[in-house]
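Residue-level listing of the chains:
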Amino acid sequence: MSSEISPSLPSGKLFIGGSFVDALSGRSFETINPATNQILARVAEADLIDLDAAVTAARKAFEVGPWPKMSAAERGRILWRMADLLMQKADEVARLETLDNGKPIFESRQVEIPLEAEILQYYAGWATKITGDTIPARPGAFTYTLREPVGVIAAIVPWNFPLLLAIWKVAPALAAGNTVIVKPSSNTPLTALKFAEIAKEAGLPDGVLNVITGKGSVIGMGLVKHPGVDKIAFTGETKTGIEIMKAGAETLKKVTLELGGKSPNIVFADADLEAAVRGATVGIFYGKGEVCAAGSRLFVEKKIHDEFVEKLAARAKKMVPGDPLDPKTRFGAIVSKEQLEKVLRYIATGKEEGATLVAGGERAQVGSLNGNFVLPTVFDRVQSGMRIAREEIFGPVLSTLEFSDPEEAIAQANATPYGLAAGLWTRDLAKAHRAAKALKAGTVWINTYNRYDAALPFGGYKLSGYGRELGKAALEHYTQVKSVWVDLEG
Ligand code: NAD
């Protein structure tokens, strides 16, 4: 890793047992800046033998050493210090994230890092509040439950929110007393390594947090199959999630899965149209559309359709891609060449299928940068059978569909194998709550979109996964219950 990228981060190392170490094979791979397609850094390529070392370190830290003996309050203090240090180093970490992912520095510095710190603080507070119950089961017995950590957690993370989605897993896991191995995406491994350095500085004992980088098919799958790993917390594609469940069955892994989506955003005719236009734009174009919950299917009521689409297209056209490091940029570079090609293929498919292109639809040039830039794209007159209305594109491509009857809109919105999120826009309170109940999705936003909070559970219905991250709900997945029965009569 060059010193311009991060002055303190050692180049090409894994983080195991509290130290930056080489991969035993000595192999490494490149991570690329998507805004320039230049090599950003070389990163260690771990193998199964390095994975074994990480599992051994995490297991040792879980069973012996300071972590299991530490008070819950001290665990909470360490998490809080991690939040403080993250905020102190926010400029450097945000820059790393933007260089690695292509997202605007505005998003990484002003939105994501503050949220990451809040999540660490939220779970710091939970550390002292994870409790069992006393249960009056029988006379002559004292019966109670203990809520205990699960053990060694493997957090397998995608490239769209590299540090945020790692922290969604690490923070509740640590609050509950587990130890963790993070496996970031090979596209965006840098901030997880930086975070390991921050955790060490905050006083997290050695081996409690480990970061290994390398191929998903080798070390991701290696973690899933490893008998020394107790639980997999995965975010990524639905097809990878299915593979993980199957492979994890051999060792009966506890698995939580946050998977793909094709989320509906429904605009009723009685909505505040200006707000809904803004919401539809944020819903699809935040994070370049590389957002699992992106509102990629926009349903607009017939009465307002033409006016709405005109406003939407005008707004999309104003969203010009820019240099991700420029604080004024609100739309960055697609994460990789492969992903850009995938997005362009879907744009071509939308045209071939007969949808009407009303904004974008082609690559963009940003100054002299040789990056993966594409214009924010809006298709109108999309039919529900078209591929662009059914498949997750995971890019800045919006499919607009028209509806006449609110019930038909809900039925169409639910007519997808996914169920991650949904949005709806109306001034009618009763209609809003009826629709929120009817939508089959883990999150429903009313008169807003793409909002997240540490305290609010997030996760999928149907093929969008199961288990919940964030909030109190996540702690269920990082703890297990032990019943204790004490005979008082013998
Ligand atoms: P991906 O499934 O290709 O990879 C995710 C992670 O899994 C990476 O670290 C990868 O190296 C690893 N991996 C790949 N193959 C593996 C295997 N066979 N065994 C174990 N690990 C493996 O996903 P991606 O392309 O990085 O991310 C995009 C996807 O993530 C989209 O489908 C998106 O919807 C989804 N996503 C979901 C959420 C959510 O909260 N539901 C959030 C963000 C992204």
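Residues numbered from 1 in each chain as written. Predicted model: local features only at pLDDT ≥ 70, side-chain atom pairs only at ≥ 80, totals over all residues. Heavy atoms only, no water.

A. Representation of the site of the ligand within the structure. Near the ligand you find 27 residues, and of these Val157, Lys183, Thr240, Leu259 and Glu392 are the closest. Interatomic distance of 2.7 Å between a backbone N/O atom of Leu259 and a nitrogen atom of the ligand. Within the side chain of Glu392, an N or O atom sits 2.5 Å from an oxygen atom of the ligand. When the ligand is considered free in solution it has 840 Å² of accessible area, and contact with the protein chains removes 90% of it. Secondary-structure elements contributing two or more residues to the shell around the ligand are helix 8 (216-225), strand 9 (231-235) and helix 9 (238-249). (Near = heavy atom within 4 Å. Polar contact = N/O pair within 3.5 Å; in protein donor to acceptor, adjacent residues only side chain to side chain. Areas by Shrake-Rupley, 256 points an atom, 1.4 Å probe, with all protein chains shown as cover. Helix = DSSP H or I, 4+ residues; strand = E, 2+ residues; numbered from the N terminus.)

B. Up close: the pattern of salt bridges. In the structure shown here, the tally under the stated rule is 28 salt bridges. Among the ionic pairs, Asp22 bridges to Lys13, the shortest N-O distance being 3.1 Å. With relative accessibility at 47%, the residue Asp22 sits in the partly exposed group. Notably, a salt bridge pairs Lys200 with Asp206, separated by 3.4 Å at the nearest N-O pair. (Salt bridge = Lys/Arg side-chain N within 4 Å of Asp/Glu carboxyl O. Buried < 20%, exposed > 50% of the residue type's maximum accessible area, 1.4 Å probe, protein only.)

C. Representation of empty space enclosed by the protein within the structure. Applying the stated criterion across every chain, the model contains three cavities of 30 Å³ or more. Gly289, Ala294, Ser296, Glu392 and Phe394 are, among the 13 residues lining the largest cavity, the residues nearest its centre. Tallied by class, residues from the lining of the largest cavity come to seven nonpolar, four polar and two charged. The wall of the second largest cavity is formed by 15 residues, among which Pro264, Tyr418, Gly419, Ala421 and Lys440 lie closest to the centre. When residues of the lining of the second largest cavity are traced back to their parent elements, those giving at least two are helix 14 (406-414), strand 16 (418-419) and strand 17 (421-425). Considering only residue class, the lining of the second largest cavity consists of seven nonpolar, five polar and three charged. (1 Å grid on protein atoms, 1.4 Å probe; cavity = no way out; pocket = protein on both sides within 12 Å on 5 of 7 lines; lining within 4 Å. Points joined across faces, edges and corners; volume = space filled by probe spheres on them. Nonpolar A, V, L, I, M, F, W, Y, C, P; charged D, E, K, R; others polar.)

D. Summary view of the nonpolar core. Counting residues in hydrophobic clusters, the biggest one holds 101 residues, and the most contacted among them are Ile119, Val182 and Phe308. With 11 residues, helix 6 (residues 162-175) is the largest single contributor of residues to this core. Leaving out residues up to four positions away in the same chain, Val182 has contacts with Ala155, Val157, Ala166, Val170, Ala192, Leu209, Asn210, Val211 and Ile212. Among the nonpolar cores identified, the runner-up in size contains 28 residues, and Ile347, Ala355, Phe403 and Leu424 belong to it. (Core = buried A, V, L, I, M, F, W, Y, C linked by side-chain atoms within 4.5 Å. Contact = heavy atoms within 4.5 Å.)

E. Layout of the packing of helix 8 against helix 9. Close contact between helix 8 and helix 9 brings their axes to 8 Å; oriented N to C, the two are set at 40°. Taken together, helix 8 and helix 9 sit at an angle that is classed as oblique. Residues Met221, Val224 and Lys225 of helix 8 form the contact with helix 9, whose own contacting residues are Glu243, Ile244, Ala247 and Gly248. Across the contact of helix 8 with helix 9, the residue classes tally to four nonpolar, one polar and two charged. (Axes fitted to C-alpha atoms, helices over the stretch in contact; angles between N-to-C directions. Parallel < 35°, antiparallel > 145°, perpendicular 65-115°, else oblique.)

F. Representation of the layout of surface pockets within the structure. When its volume is computed, the largest pocket comes out at roughly 1,100 Å³. Lining the largest pocket are 44 residues, with Trp159, Ser185, Asn187, Glu237 and Thr240 positioned closest to its centre. Elements with a minimum of two residues in the lining of the largest pocket: strand 3 (28-33), helix 8, strand 9, helix 9 and helix 12 (337-352). Counting residues per element, the lining of the largest pocket draws most heavily on helix 9, which supplies five residues. Looking at the lining of the largest pocket, its residues break down into 15 nonpolar, 18 polar and 11 charged. Taken together, domain 1 (14-259 + 465-482) and domain 2 (264-454) each give at least three residues to the lining of the largest pocket, which thus spans both. One number sums up the size of the second largest pocket: a volume of about 750 Å³. Every residue lining the second largest pocket is counted, 32 residues in all, and those nearest its centre are Val111, Val282, Tyr286, Tyr449 and Asn450. Only helix 5 (105-126), helix 6, helix 10 (273-285) and helix 11 (305-318) provide two or more residues apiece to the lining of the second largest pocket. Classifying every residue of the lining of the second largest pocket gives 18 nonpolar, five polar and nine charged. Counting the residues that make up the lining of the second largest pocket, at least three belong to each of domain 1 (14-259 + 465-482) and domain 2 (264-454). (Domains from an automatic or database assignment.)

G. Main features of the environment of Ala192. Mapped onto the fold, Ala192 is located in helix 7 (residues 190-201). Note: C-alpha distance between Ala192 and Gly228 (36 residues apart in sequence) is 22 Å.

H. The arrangement of helix 5 in detail. Here helix 5 contains 22 residues, and its C-alpha end-to-end distance of 31 Å stays within 8% of the 32 Å for a straight helix at 1.5 Å per residue. At Glu112, helix 5 shows its strongest bend, of approximately 35°, with the proline Pro114 following within four residues. (Expected span 1.5 Å × (residues − 1). Bend = angle between axes of the 7 residues up to and from the residue.)

I. View of the packing of aromatic side chains. Scanning the model with the defined rule gives 11 aromatic pairs in all. Through a chain of ring-to-ring contacts, three or more aromatic side chains come together here, namely Trp168, Trp445, Tyr449, Tyr452 and Phe458. Stacked on the ring of Trp67, the Lys or Arg Arg75 has its end atom at 5.9 Å from the ring centre. (Phe/Tyr/Trp six-rings, centres within 6.5 Å; stacked < 30°, edge-to-face > 60°. Lys NZ or Arg CZ within 6 Å of the ring centre and 35° of its normal.)

J. Looking closely at the domain arrangement of the protein. Each assigned domain of the protein is listed with its residue range as follows: domain 1 (14-259 + 465-482) and domain 2 (264-454). Computed over C-alpha atoms, the centres of domain 1 and domain 2 are 30 Å apart. On the side of domain 2, 32 residues touch domain 1, which itself brings 33 residues to the contact. Contact between domain 1 and domain 2 buries roughly 2,500 Å² in total, counting both sides, with carbon and sulfur atoms accounting for 61%. (Buried area = accessible area lost by both parts, 1.4 Å probe.)

K. Highlighting helix 7. Taking 1.5 Å of rise per residue, 12 residues should cover 16 Å, and helix 7 covers 17 Å from first to last C-alpha, within 8% of that figure. Most of helix 7 is tucked away, with 10 of its 12 residues classed as buried. When helix 7 is considered as a whole, its buried residues turn out to be Leu190, Thr191, Ala192, Leu193, Lys194, Phe195, Ala196, Glu197, Ile198 and Ala199. Note on helix 7: the residue one or two positions beyond its end, Gly203, has a positive phi of about 100°.

L. Examining the packing of helix 3 (residues 72-88) against helix 6 more closely. Two elements in contact, helix 3 and helix 6, have axes separated by 10 Å at closest approach and are oriented at 160°. The orientation of helix 3 relative to helix 6 falls into the category roughly antiparallel. Both helix 3 and helix 6 take part in a crossing whose hand is left-handed. When helix 3 is examined against helix 6, the residues Arg75, Leu79, Met82 and Leu86 are found in contact with a partner set consisting of Leu163, Ile167, Ala171, Leu174 and Ala175. Of the residues contributing to the contact of helix 3 with helix 6, the split by class is eight nonpolar, no polar and one charged. (Left-handed = near helix turned anticlockwise from the far one by under 90°.)

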